Amino acid sequence: DTGVSQDPRHKITKRGQNVTFRCDPISEHNRLYWYRQTLGQGPEFLTYFQNEAQLEKSRLLSDRFSAERPKGSFSTLEIQRTEQGDSAMYLCASSSTSGMYQETQYFGPGTRLLVL
Amino acid sequence: AQSVTQLDSHVSVSEGTPVLLRCNYSSSYSPSLFWYVQHPNKGLQLLLKYTSAATLVKGINGFEAEFKKSETSFHLTKPSAHMSDAAEYFCVPLMDSNYQLIWGAGTKLIIKP
């Protein structure tokens, strides 16, 4: 199966620590998205990349959050100085801008973060 | 501006009976529309997608949805519910200006034995 993968699947950290998550998209997809989802809510858009360029970033995203996609393939999302409010599921999705399934986002299994 | 309304936060049906999850959207023109499903503590799985090729769209696991422009609706149906259908369902339009998905709170489907 060559779907979207995310690592780690679960992360427990103490408040104030930094954490980094990784997402590997479907190989031919040029767009990659990060979302955050809290219990009982739909996903909240954080940022997205087309190839290696970060094209949009949510105004809700604080300066403690940063994302990279250095070679246009995998991406990392880093949260610095974590706070308890950062506890959530972090979802990654990828899509293609061409082909039969263009603009269809396929999601990974998510990384569940718990900040103590 | 595009937006979506899922009319029910929870839907409860008995196993073997039909499922109807309602979705209304607002848009100045026909959008691309998706239904995603999320099982507890899992990621989001694409059920089906509407892109104007056909108004009745068949998806996975026996689900289908019909796009009705006159009613601005894209309701999800299944003839016979199965216990494994218990999950959260999201009706999601695609914003044309920047290709972002517009997420609501979803509908939780509960299946009674």
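Just so we're clear, the structure is a prediction, and the values are computed from it rather than from any experiment.

J.: What am I meant to see in the environment of Phe21(A) here?
T.: All names here are of chain A. In this structure, Phe-21 sits in strand β3 (residues 19–24). In the structure, Phe-21 is positioned 46 residues away from Ala-67 in sequence and 9.4 Å away in space, judged by C-alpha atoms. Not counting residues up to four positions away in its chain, the partners in contact with Phe-21 are Asp-7, Pro-8, Lys-11, Trp-34, Ser-75, Thr-76, Leu-77, Ile-79, Tyr-90, Thr-111 and Leu-113.

J.: Would you mind going over the sheet that holds strand β7 (residues 65–68) of chain A with me for this structure?
T.: The strands making up a sheet associate through hydrogen bonds between their backbones, and the pairing can be parallel or antiparallel. All names here are of chain A. If you walk across this open sheet you meet the four strands as β1-β3-β8-β7, and the pairing is antiparallel. Only two strands of the sheet have a single partner each, and these edge strands are β1 (5–7) and β7. Across this sheet, the average inter-strand angle for adjacent strands is 15°, counted without regard to direction. Bridge count for β1 against β3 is three bridges, and the pairing is antiparallel. By the bridge assignment, Asp-7 is partnered in β3 with Arg-22.

J.: What is the right way to look at the sheet that holds strand β10 (residues 87–94) of chain B in this model?
T.: Residue and element names in this part refer to chain B. Within the open sheet, the five strands sit side by side as β2-β11-β10-β5-β6. Their pairing is mixed. Among the strands making up the open sheet, the edge pair consists of β2 (10–14) and β6 (44–50). Averaged over all adjacent pairs, the angle separating strand axes in this sheet is 25°, with direction ignored. Judged from the seven bridges that link them, strand β5 (residues 32–38) and β10 form a sheet pairing that is antiparallel. Across the sheet, Trp-35 pairs through a bridge with Cys-91, a residue of β10.

Reading guide: rules and limits
Residues numbered from 1 in each chain as written. Chains lettered and ligands numbered in written order. Predicted model: local features only at pLDDT ≥ 70, side-chain atom pairs only at ≥ 80, totals over all residues. Heavy atoms only, no water. Helix = DSSP H or I, 4+ residues; strand = E, 2+ residues; numbered from the N terminus. Contact = heavy atoms within 4.5 Å. Pairing = 2+ DSSP bridges. Axes fitted to C-alpha atoms, helices over the stretch in contact; angles between N-to-C directions.

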